[in-house]
Amino acid sequence: MSLRMWASSTANALKLSSSVSKSQLSPAFSISRCFSSVLDGLKYANSHEWVKHEGSVATIGITDHAQDHLGEVVFVELPEENGSVSKEKSFGAVESVKATSEILSPISGEVIEVNKKLTEAPGLINSSPYEDGWMIKVKPSNPSELESLMGSKEYTKFCEEEDAAH
């Protein structure tokens, strides 16, 4: 009995709902909560890239939500240093066991550094999307573009609504 009460309270805390009728033998659960980590202090694009702006440098990568949906990342294609990126235009690709996805730049600017570790260890995007899995560092050409990106609360709500629609 106490195990059933614990399971029920845990399911309620995690906002799990059973979609099982009493006549069914094997339960099926749906998760109605976004479990991906979203960090304060970053900006987020609706294409699931993040930007960390510090001084004259903006670091860009894909979000925890994006890497979770992609699955195990096996290959990353990134631009050359000293090239340029444009807002909402592709600057590379991420290949996972599920699919290949383009990476869109959330801002425009000059690529000043590329994370070369991702060539040998693309899985860093899965294990550390906001730290070791960053992709490029950019010198923004139009810093006001950052204002059009979402903060952490807006991005969390965006992900929850997007997941609910699928």
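Residues numbered from 1 in each chain as written. Predicted model: local features only at pLDDT ≥ 70, side-chain atom pairs only at ≥ 80, totals over all residues. Heavy atoms only, no water.

**Examining the overall build of the protein chain**
And then number 1: Within the protein chain one finds 5 helices and 11 strands.
And then number 2: A sequence separation of at least 24 residues applies to 60% of the contacts in the protein chain between residues at least 6 apart.
And then number 3: Accessible surface computed for the protein chain: about 10,100 Å², of which carbon and sulfur atoms make up 51%. (Helix = DSSP H or I, 4+ residues; strand = E, 2+ residues; numbered from the N terminus. Contact = heavy atoms within 4.5 Å. Areas by Shrake-Rupley, 256 points an atom, 1.4 Å probe, with all protein chains shown as cover.)

**Considerations on the pairing of strand 8 (residues 90–96)**
And then number 1: Counting buried residues in strand 8 gives 5 out of 7 residues, a clear majority hidden from the surface.
And then number 2: Taken together, strand 8 and the strand that follows it, strand 9 (residues 100–104), pair antiparallel across an intervening segment of 3 residues. (Buried < 20%, exposed > 50% of the residue type's maximum accessible area, 1.4 Å probe, protein only. Pairing = 2+ DSSP bridges.)

**A look at the environment of His69**
And then number 1: Its place among the elements puts His69 in helix 2 (residues 64–70).
And then number 2: Contacts of His69, omitting those with residues within four sequence positions, involve Lys98 and Asp163.

**Description of the pairing of strand 5 (residues 57–62)**
And then number 1: In terms of burial, strand 5 is a largely internal element, 5 of the 6 residues being buried.
And then number 2: In the sheet, strand 4 (residues 49–54) pairs with strand 5 via 6 bridges, with the strands oriented antiparallel. Each residue of the ladder has a partner; that of Lys52, found in strand 5, is Thr59.
And then number 3: Here strand 4 hands over to strand 5 after 2 residues, with Gly55 in that stretch at a positive phi of 65°.
And then number 4: Where strand 5 and strand 11 (residues 136–140) come together, 3 bridges link them in antiparallel fashion. Residue pairing for strand 11: Ile60 is matched across the bridge by Ile136.

**Topic: the UniProt feature "modified residue: N6-lipoyllysine" (unreviewed entry) in the protein chain**
And then number 1: Mapped onto this numbering, the UniProt entry annotates "modified residue: N6-lipoyllysine" (unreviewed entry) at Lys98.
And then number 2: Relative to the helices and strands, Lys98 is located in the loop between strand 8 and strand 9.
And then number 3: Setting aside chain neighbours within four positions, we find Lys98 in contact with Asp68, His69, Leu70 and Gly71.
And then number 4: Among the polar contacts made by the side chain of Lys98, one reaches the main-chain carbonyl oxygen of His69 at a distance of 3.3 Å. (UniProt positions renumbered as here; feature names shortened; annotations may be inferred. Polar contact = N/O pair within 3.5 Å; in protein donor to acceptor, adjacent residues only side chain to side chain.)

**Considerations on the pattern of salt bridges**
And then number 1: Counting across every chain of the model gives 3 salt bridges.
And then number 2: For Lys157, the salt bridge identified is with Glu161, shortest N-O distance 3.8 Å. In this pair, Lys157 and Glu161 are both assigned in helix 5 (residues 152–165), 4 residues apart and thus about one turn of the helix distant. (Salt bridge = Lys/Arg side-chain N within 4 Å of Asp/Glu carboxyl O.)

**Examining the packing of aromatic side chains**
The geometry of an aromatic ring pair comes down to the distance between the two centres and the angle between the two planes.
And then number 1: Going through the model one piece at a time under the given rule, you end up with 3 aromatic pairs.
And then number 2: Both rings, one in Tyr44 and one in Tyr155, keep their centres 4.6 Å apart while their planes meet at 10°; by these two values the pair is stacked. Of this pair, Tyr44 sits in strand 3 (residues 43–44) while Tyr155 is found in helix 5, placing the two residues 111 residues apart along the sequence. The pair Tyr44 / Tyr155 is uniform in exposure class, with both members buried.
And then number 3: Ring geometry for Tyr155 versus Phe158: centroids 6.3 Å apart, planes at 25°, classification stacked. With a gap of 3 residues between them, Tyr155 and Phe158 both fall in helix 5, about one helical turn apart. (Phe/Tyr/Trp six-rings, centres within 6.5 Å; stacked < 30°, edge-to-face > 60°.)

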